[in-house]
Amino acid sequence: MNCTEFLANLTDYFDTKTAAALRSELERHMAGCSHCHVTLNTTRQTIEIYRNDELYELPESIRTQLQQAVLAKCAAMKKKKEPCA
Amino acid sequence: MASSKNVRPPRTMATTLTPDENALHPDLLLIEKVKAGDLSAFEQLMRQYDRQIFRIALHITQNREDAEDIVQDTFLKVFQKLDQFQGNSKFYTWLVRIAVNESLMRLRKRRSQKTVSMDEEIQTEEGPIPRDFADWMPNPEQNYNQSELADILRRAIQGLPPGFRTVFALRDIDGLSTEETAQALGLSVPAVKSRLLRARLQLRERLSRYFRVPTGVQPQ
Ligand SMILES: [Zn+2]
């Protein structure tokens, strides 16, 4: 396996479903290639940093507002559908 | 009534909820109730997924107000279209698909001169080639305060084309499987894989500028 092939399969390395054979090929390449080793490790860190980031939380107060607004509109829609209810 | 039972899975549950695809998913029970006119069941569905929808919308649009509107519009659309939901696909995947479409529509409105779609091809012929091979410092996030870090992460992801950003958000942040991501975006599995790879490598390259071990310093 060369660096290009390693890179093409980098994504699969993080996938738990990846076959053991491919995984060990990737590991064998990494053992002898520091560039690919660094690329893999820092890519893994990239994913983890974004996954742990709380930047994208929806504040509880806005959440409630949105939910109430949607429910009110849904109730109105429902009424329109069944005028005799 | 069982509707007071609060079923709220952890944030990245989407792929782990039902190992057995054929088992009756709790969402389907709620949907049946909504169809029978039970609005509290719809509220439960919303409580279960609104945070994730917000995150996805925010990742695609990079705009909080838009993302809040998208949460509303998505759930309204879901309520209106519930009859069209085919029980054979996962409700969450269907929901995400609607949210992604709403998000891309918003994005298009904001940049009216430029079309934005999932099919948007990015003009790099050669594959993604990493250029920065410096290792990162241990726990690089700790070298920045919260708002600095937020800024770095936001700036890096904003630089990605929307089609890449979306795949990265669904797959890596929201934890959807490759297949679910493909389904939600109407892309093939190989297309998702290639976008994911490029998105990850581009982000890595951008973050490297901030997180690399300074030259002349040996990593421990
Ligand atoms: Zn290599």
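One numbering rule holds for all chains: residues counted from 1, following each sequence as written. The naming scheme follows written order: chains are lettered A onward, ligands numbered 1 onward. Whole-chain, interface and lining totals are the exception, using all residues; otherwise, since this is a predicted model, local features are given only for residues with pLDDT of at least 70 and side-chain atom pairs are given and counted only at 80 or more. Hydrogens are left out, water is left out, and the side-chain values use all remaining heavy atoms of the structure.

## Quick word on the overall build of chain B
Now for step 1: Helix and strand assignments follow DSSP, with helices taken as H or I runs no shorter than four residues and strands as E runs no shorter than two, numbered in order from the N terminus. Of the regular secondary structure elements, chain B holds eight helices and zero strands.
Now for step 2: For each residue, the accessible area found with a 1.4 Å probe, counting protein chains only, is set against the maximum for its type, and the residue is called buried under 20%, exposed over 50%, and partly exposed in between. Here chain B holds 220 residues, and the buried ones make up 53% of them.
Now for step 3: Throughout, a contact is declared for two residues whenever any of their heavy atoms are within 4.5 Å. Put simply, 72% of the contacts in chain B that link residues at least 6 apart link residues at least 24 apart.
Now for step 4: Residue-level accessible areas treat just the shown protein chains as cover; the underlying method is Shrake-Rupley with a 1.4 Å probe. Counting only carbon and sulfur atoms, one obtains 47% of the accessible surface of chain B, whose full area is about 10900 Å².

## Regarding the interface of chain B and chain A
Now for step 1: Taken together, the contact between chain B and chain A spans 52 residues of the former and 40 residues of the latter.
Now for step 2: Note: buried area is the sum, over both parts, of the accessible area (probe 1.4 Å) each one loses when the two are combined. Of the roughly 4500 Å² buried where chain B meets chain A, counting both sides, 62% is carbon and sulfur surface.
Now for step 3: Together, Q72(B), F133(B) and R200(B) form the three largest contributors to the area buried by chain B at its contact with chain A, with a combined 13%.
Now for step 4: Take a side-chain nitrogen of Lys or Arg and a carboxyl oxygen of Asp or Glu: if they are within 4 Å of each other, that pair is a salt bridge. Our count for the chain B to chain A interface comes out at five salt bridges.

## Observations concerning helix α8 (residues 189-211) of chain B
Now for step 1: In a regular helix each residue adds 1.5 Å, so 23 residues correspond to 33 Å; α8(B) covers 32 Å between its end C-alpha atoms and thus fits that length.
Now for step 2: As used in this structure description, the phrase polar contact means that two N or O atoms lie within 3.5 Å; if the pair is within protein, one of them must be able to donate a hydrogen and the other to accept it, and residues adjacent in sequence are counted only when both atoms belong to side chains. Capping of α8(B) at its N-terminal end is provided by S188(B); its side-chain oxygen lies 3.2 Å from the backbone amide nitrogen of A191(B). Here a helix's expected span is defined as the number of its residues, less one, multiplied by 1.5 Å.

## Examining the environment of E60(A)
Now for step 1: When you line up the elements, E60(A) lands in helix α5 (residues 60-81).
Now for step 2: Considering only alpha carbons, one finds E60(A) and R23(A), 37 residues apart in sequence, at a separation of 42 Å.

## Some points on the domain arrangement of chain B
Residue and element names in this part refer to chain B.
Now for step 1: Domain boundaries in chain B define domain 1 (17-114) and domain 2 (127-220).
Now for step 2: Residue ranges for the domains originate in an automatic or database domain assignment. Placing the centre of domain 1 and that of domain 2 at their C-alpha centroids yields a distance of 25 Å.
Now for step 3: With 15 residues of domain 1 at the interface, the matching set in domain 2 holds 16 residues.
Now for step 4: Taking both partners together, domain 1 and domain 2 bury about 1400 Å²; carbon and sulfur atoms supply 59% of that area.
Now for step 5: Our count for the domain 1 to domain 2 interface comes out at one salt bridge.
Now for step 6: Seen at the junction of domain 1 and domain 2, the total is six residue pairs in polar contact (both at pLDDT 80 or more).
Now for step 7: Those elements that place two or more of their residues in the side of domain 1 that touches domain 2 are α2 (39-61) and α4 (91-110).
Now for step 8: Take the side of domain 1 that touches domain 2: its biggest share by element is six residues, from α4.
Now for step 9: Note that Gly is not counted as nonpolar here; it falls among the polar residues with everything else outside the nonpolar set of Ala, Val, Leu, Ile, Met, Phe, Trp, Tyr, Cys and Pro and the charged set of Asp, Glu, Lys and Arg. Considering only residue class, the side of domain 1 that touches domain 2 consists of six nonpolar, five polar and four charged.

## As for the coordination of the zinc ion
Residues and elements named next belong to chain A.
Now for step 1: Water is not part of the atom set, so a site may look incomplete; the donors themselves are N, O and S atoms within 2.8 Å of the metal, or 3.2 Å for Na, K and Ca. Within the first shell, the zinc ion binds the protein through C3 (SG), H29 (NE2), C33 (SG) and C36 (SG), at distances of 2.0 to 2.4 Å.
Now for step 2: Mapped onto the sequence, the residues coordinating the zinc ion show the spacing C-x25-H-x3-C-x2-C. Note that C3 is positioned in helix α1 (residues 3-8) and C33 in the loop between α3 (20-31) and α4 (34-52), a separation of 30 residues in sequence.

## Side note on the side chain of E180(B)
Residues and elements named next belong to chain B.
Now for step 1: Relative to the helices and strands, E180 resides in helix α7 (residues 178-185).
Now for step 2: Taking the relative accessible area as the measure of exposure, E180 reaches 10% and is therefore buried.
Now for step 3: Of note is the side chain of E180, whose polar atom sits 2.6 Å from the side chain of K90.

## Points about the packing of α2(B) against α4(B)
Residues and elements named next belong to chain B.
Now for step 1: In the contact formed by α2 and α4, the axes pass within 10 Å of each other and the chain directions differ by 35°. In terms of crossing hand, the pair formed by α2 and α4 is right-handed. Across from L45, Y49, Q52, I53, I56, A57, I60 and T61 in α2, the residues of α4 making contact are F91, Y92, L95, V96, A99, V100, S103, L104, R106 and L107.
Now for step 2: Per-class residue counts for the contact of α2 with α4 are 14 nonpolar, three polar and one charged. Axis angles are defined between N-to-C directions and span 0 to 180 degrees, where every axis is a line fitted to C-alpha atoms and, for a helix, only to the segment in contact. Helix crossings get a hand from a simple test, with the near helix turned counterclockwise from the far one by less than a right angle marking a left-handed crossing and a clockwise turn marking a right-handed one.

## A short note on the nonpolar core
Now for step 1: For our purposes a nonpolar core is just a set of buried Ala, Val, Leu, Ile, Met, Phe, Trp, Tyr and Cys residues, chained together by side-chain atoms within 4.5 Å. F42(B), F75(B) and F91(B) are the most contacted members of the largest nonpolar core, which totals 48 residues.
Now for step 2: Of all the secondary structure elements, the ones that give two or more residues to this core are α5 of chain A together with α1 (26-35), α2, α3 (64-81), α4, α6 (162-173), α7 and α8 of chain B.
Now for step 3: The dominant element in this core, judged by the number of residues it contributes, is α2(B), at twelve residues.
Now for step 4: Residue-level mapping places this core at the junction of two domains, with at least three residues from each of domain 1 (17-114) and domain 2 (127-220) of chain B.

## Looking at α1(B)
Residues and elements named next belong to chain B.
Now for step 1: Residues of α1 that are buried include every one of D27, L30, I31 and V34, and no others. One face of α1 carries all of its buried residues, which in axial projection span an arc of 100°.
Now for step 2: On its buried side, α1 packs onto α2, α3 and α4.
Now for step 3: Downstream of α1 by a residue or two, G37 has a phi angle that is positive, lying close to 105°. The arc in question is traced by the directions running from the helix axis to the C-beta atoms.

## A closer look at the environment of A169(B)
Residue and element names in this part refer to chain B.
Now for step 1: Among the secondary structure elements, A169 is positioned in helix α6.
Now for step 2: It is 23 Å that separates the C-alpha atoms of A169 and D132, two residues lying 37 residues apart in sequence.
Now for step 3: Residues contacting A169, with those up to four places away along its chain left out, are H59 and D174.

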